[in-house]
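Structural description and commentary
This is what each chain is made of:
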Amino acid sequence: MEPVHTRHRAVASRAEPPTALVEDRSPATQTRAWGLGPDRHLEGAIPPRAFYELARRHRIDLNAALERARPGFEKTYADSGARLPDRIDCFEDFEAAVSLVAADFDVPPGRHFDLFLRFLSKFAMIGELFTTRELVCDVTAELVRDAANAHNVRHLELRFSPLYMAARHHPNAPDALIEGVIDGVREASRDAYRAIDLAQRYREHGVVAIDLANDEARFPPHPFTEAFKLAQQKGLAVTLHGGETAQSDQEAAENVAHIAEVIGARRVGHGIKVLADPEIANSIRKLGVVLENCHTSNHQTGSVPPGEKHPLGEFLRKGFRVTANTDDPAISGITFTSELKNVVNEHSLTLAELGQLLNNAVDGAFLSPLERAQLGNRMRGDIRTATQKLVDSLTVE
């Protein structure tokens, strides 16, 4: 596995101590959007909810931290009207201590500079929370994941002041906190690679490929590009879910294009929205990408809107390598046989079309060319027999 590339340099930052920059070029921040984050202070970028949960997980006494912050806070910021909560008993109390809330924007006329002081006042409490290297690692990893997965940041530079972070708890050991930040960046980029390592370890026991599956709108394929390319270099096959439930049909189609044209996968989970972009659809068809349609599941999840026809039949008749799949049959309440019946009924498939649907699955199987040919030879007779029985059962019904 290739290491995460980081770079560090000192920069002058007004009255702050020298601030280190960590440039993260890891796959975790390579997302579909053209978002850049060149000016982001780590200390003030940690999502409050995540920071709160991590602080509790690391057993930080938030009220003790609050009282440690209070004297310096009152001395420096009280004249601006900034206020700390009396106690921290819930997330809302914590949020008021570390991020701007509605009350912070209520300033008298002519006192607009108080807004700036109230902004800076949040660092009084934040500075009390960097208690251990492990916590710094965890909050950094959370920040990087949030930027990449929730906000589509493509390039992220985290600047931070190790002297400020170390002042309360580690005044003589800022190195430990710098190392915590570096570890956090690496941790955030390591997630996708763990699956690759596991898959490769068990290749001789039947593991043949890795997949990406989740909420496509929040977790598009782009951040995982390098990981999946590495998997292929290591001899693993790949398939990624896409073209199912993105923010828009166009975005879903573009996800499929990225999976096939950039990552190089020749199988896509679902892929049903690719027809939203004729140019992309034509490319997918010419590449022979296998689209793993899940007829019943796509209806049930709303990927195919209520009342609309599933595109599987259109895919098949336009020459796409489409297959019929059950997705999660126990949840959907189906079997492979019932799924084929549903497909035949909705799309009025001929015997030849049904045979092609099943042959497409053979073509897309993660097998060597020889194994695929052998499977095809064995299945041709089986497919004809099975499809004829299926047609007969439909006729009887």
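Residues numbered from 1 in each chain as written. Predicted model: local features only at pLDDT ≥ 70, side-chain atom pairs only at ≥ 80, totals over all residues. Heavy atoms only, no water.

This structure, assessed with the given rule, holds eight aromatic pairs. For the ring pair tyrosine 52 and phenylalanine 94, a centre distance of 5.4 Å and an interplane angle of 45° mean the geometry is tilted. Taken as a pair, tyrosine 52 in helix H1 (residues 48-57) and phenylalanine 94 in helix H3 (residues 91-98) lie far apart in primary sequence, 42 residues in all. When its relative accessible area of 7% is taken as the criterion, tyrosine 52 is described as buried. Aromatic pair phenylalanine 123 and tyrosine 164: ring centres 6.2 Å apart, planes at 80°, arrangement edge-to-face. You can see phenylalanine 123 sitting in helix H4 (residues 113-126) and its partner tyrosine 164 sitting in helix H6 (residues 162-167), a full 41 residues away along the chain. Residue classification places phenylalanine 123 among the partly exposed residues on the basis of a relative accessible area of 22%. Following the ring pairs from residue to residue traces out a cluster consisting of Phe51, Tyr52, Phe91, Phe94 and Phe130. The ring of phenylalanine 91 carries the charged tip of arginine 49 above its face, separated from the ring centre by 3.8 Å. (Phe/Tyr/Trp six-rings, centres within 6.5 Å; stacked < 30°, edge-to-face > 60°. Helix = DSSP H or I, 4+ residues; strand = E, 2+ residues; numbered from the N terminus. Buried < 20%, exposed > 50% of the residue type's maximum accessible area, 1.4 Å probe, protein only. Lys NZ or Arg CZ within 6 Å of the ring centre and 35° of its normal.)

With that settled, consider the nonpolar core. Counting 41 residues, the largest nonpolar core has Phe130 and Met165 as the members making the most contacts within it. Of all elements in the fold, only H1, helix H2 (62-77), H3, H4, helix H5 (133-150), strand E4 (153-160), H6 and helix H7 (174-201) reach the threshold of two or more residues within this core. With residues up to four places along the chain from it excluded, the contact list for phenylalanine 130 reads Glu43, Ile46, Phe51, Leu135, Val136, Val139, Tyr164, Met165, His169 and His170. Core analysis: the next-biggest nonpolar cluster, separate from the first, contains 40 residues, Leu230, Ala257, Val322 and Leu357 among them. (Core = buried A, V, L, I, M, F, W, Y, C linked by side-chain atoms within 4.5 Å. Contact = heavy atoms within 4.5 Å.)

Below, the discussion takes up the pattern of salt bridges. What the rule picks out here adds up to 14 salt bridges. The residue arginine 68 makes a salt bridge to glutamate 128 at a minimum N-O spacing of 2.9 Å. One end of the pair, arginine 68, is in helix H2; the other, glutamate 128, is in the loop between H4 and H5, and 60 residues separate them in sequence. Each of Arg68, Glu128 and Arg168 takes part in salt bridges that share partners, so that together they form one network. (Salt bridge = Lys/Arg side-chain N within 4 Å of Asp/Glu carboxyl O.)

When pLDDT is averaged across the protein chain, the result is 83; 85% of the residues are at 70 or more. For the protein chain, the element scoring lowest by mean pLDDT is strand E1 (residues 10-11), at 28; helix H10 (residues 278-287) scores highest, at 97. Contacts from residues 1-35, a stretch scored under 50 in pLDDT, to residues over four places away or in other chains number 103 contacts. (pLDDT = per-residue confidence, 0-100.)

Right, let's talk about the sheet that holds strand E8 (residues 290-293) for a bit. Here we have five strands laid out as an open sheet, ordered E5-E6-E7-E8-E9, and parallel in their pairing. Each edge of the open sheet carries a strand with a single partner, namely strand E5 (209-212) and strand E9 (321-324). Along the sheet, successive strands turn relative to each other by an average axial angle of 25°, direction set aside. Examined bridge by bridge, strand E7 (residues 267-270) and E8 share three bridges and lie parallel to one another. Considered in E8, the bridge of valine 268 is made with leucine 291. Across the face of the sheet, helix H9 (residues 249-263) comes into contact with strand E6 (237-242) and E7 while running at roughly 160° to E6. (Pairing = 2+ DSSP bridges. Axes fitted to C-alpha atoms, helices over the stretch in contact; angles between N-to-C directions.)

All right, on to a nonpolar patch on the surface then. On the surface, a cluster of nonpolar side chains totalling about 360 Å² of accessible area is made up of Leu100, Phe105, Leu115 and Phe119. Positionally, phenylalanine 105 belongs in the loop between H3 and H4. By relative accessible area, phenylalanine 105 is classed as exposed at 52%. (Patch = residues over 30% accessible without salt bridge, like charges linked within 9 Å, V, L, I, M, F, W, Y side chains within 5 Å. Areas by Shrake-Rupley, 256 points an atom, 1.4 Å probe, with all protein chains shown as cover.)

Summarising the element assignment, threonine 225 is placed in helix H8 (residues 225-233). Apart from the residues lying within four places of it in its own chain, the contact partners of threonine 225 are His258, Val262 and Ile263.

Another point: the environment of lysine 122. Position of lysine 122 relative to the elements: it lies in helix H4. The exposure class of lysine 122 is buried, given its relative accessible area of 6%. Distance from lysine 122 to glycine 44, taken between C-alpha atoms, is 8.4 Å for residues 78 residues apart in sequence. Aside from chain neighbours lying at most four places away, what touches lysine 122 is Ala96, Ala97, Val98, Ser99, Leu100 and Asp104. A distance of 3.4 Å separates the side chain of lysine 122 from the backbone oxygen of serine 99, its partner in a polar contact. (Polar contact = N/O pair within 3.5 Å; in protein donor to acceptor, adjacent residues only side chain to side chain.)

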